[in-house]
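Residue strings, one per chain:
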Amino acid sequence: MKKITLFLVFALASFAVSAQDTKLGFTAGYLNAEVKVSADGDGSFSASESGFYLGALADIDLNGALHLQPEVLYGNVNDGSVLYIPVLFKYYISESGFNLMAGPQATIDLEEAEEGYNSLGVDASFGIGYDINENFFIDARYSLEVTNRIGDLPGLPDNISGKINSLQIGVGYKF
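Now for a look at the structure at hand. None of the values given here were measured: they were computed from a predicted structure. (Residues numbered from 1 in each chain as written. Predicted model: local features only at pLDDT ≥ 70, side-chain atom pairs only at ≥ 80, totals over all residues. Heavy atoms only, no water.)

What follows is about the nonpolar core. By size, the foremost hydrophobic cluster in this structure holds seven residues: Leu31, Ala33, Tyr53, Leu73, Val77, Val82 and Tyr84. If sequence neighbours within four positions are ignored, Val77 has contacts with Leu31, Ala33, Glu49, Ser50 and Gly51. (Core = buried A, V, L, I, M, F, W, Y, C linked by side-chain atoms within 4.5 Å. Buried < 20%, exposed > 50% of the residue type's maximum accessible area, 1.4 Å probe, protein only. Contact = heavy atoms within 4.5 Å.)

Time to look at the sheet that holds strand 6 (residues 120–131). Within the closed barrel, the eight strands sit side by side as 1-2-3-4-5-6-7-8. Their pairing is antiparallel. Strand-to-strand twist in this sheet, taken as the mean axis angle between neighbours without regard to direction, amounts to 25°. Two strands pair when backbone bridges link them, and strand 1 (residues 21–39) and strand 8 (residues 160–174) are joined in this way by 15 bridges, in the antiparallel orientation. Bridged to Lys36 within strand 8 is Lys163. (Pairing = 2+ DSSP bridges. Helix = DSSP H or I, 4+ residues; strand = E, 2+ residues; numbered from the N terminus. Axes fitted to C-alpha atoms, helices over the stretch in contact; angles between N-to-C directions.)

With that settled, the discussion passes to a nonpolar patch on the surface. Together, Leu24, Phe26, Ile132, Phe136, Ile138, Val171, Tyr173 and Phe175 give the surface a local cluster of nonpolar side chains, amounting to about 790 Å² of exposed area. Elements with a minimum of two residues in the nonpolar patch: strand 1, strand 7 (136–145) and strand 8. By the element assignment, Ile132 lies in the loop between strand 6 and strand 7. Judged by relative accessible area, which is 48%, Ile132 ranks as partly exposed. (Patch = residues over 30% accessible without salt bridge, like charges linked within 9 Å, V, L, I, M, F, W, Y side chains within 5 Å. Areas by Shrake-Rupley, 256 points an atom, 1.4 Å probe, with all protein chains shown as cover. Salt bridge = Lys/Arg side-chain N within 4 Å of Asp/Glu carboxyl O.)

So this is what it looks like as structure tokens:
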């Protein structure tokens, strides 16, 4: 986890040095997390819970229409705590204020992990946003986990997988 954090700090610093304009901000909103467990040919199970998220972001203007937006978000769902670290590329659609976003996201479960459970996940995130004015914005995004949260456990089949997908709908303010 220290290596990931160090890499993210280095990458953000590199982009910030070459960026034309950087704004810092805060965001918060609704969070829905869906847990999916499946075994090839043996069926699947899914359940979802709702909660909230809040965090900080940097909006780095790379060339006017293309922005880089790294974030650190704390999420809480049903008394479970998660740290989301997305690094999103945002493409602004002409001068409309609308943007499309996509990028990788690290998801770290902050609860004590049980044996055989991977507390670190990697997601593919995508969404849409709208800048209401220079400071306020709204956005919605969905994250699909690409890693398997369930490791090798005695007594469980090898083909079992567990993933946590999430939906975030929020508002934010940029300075």
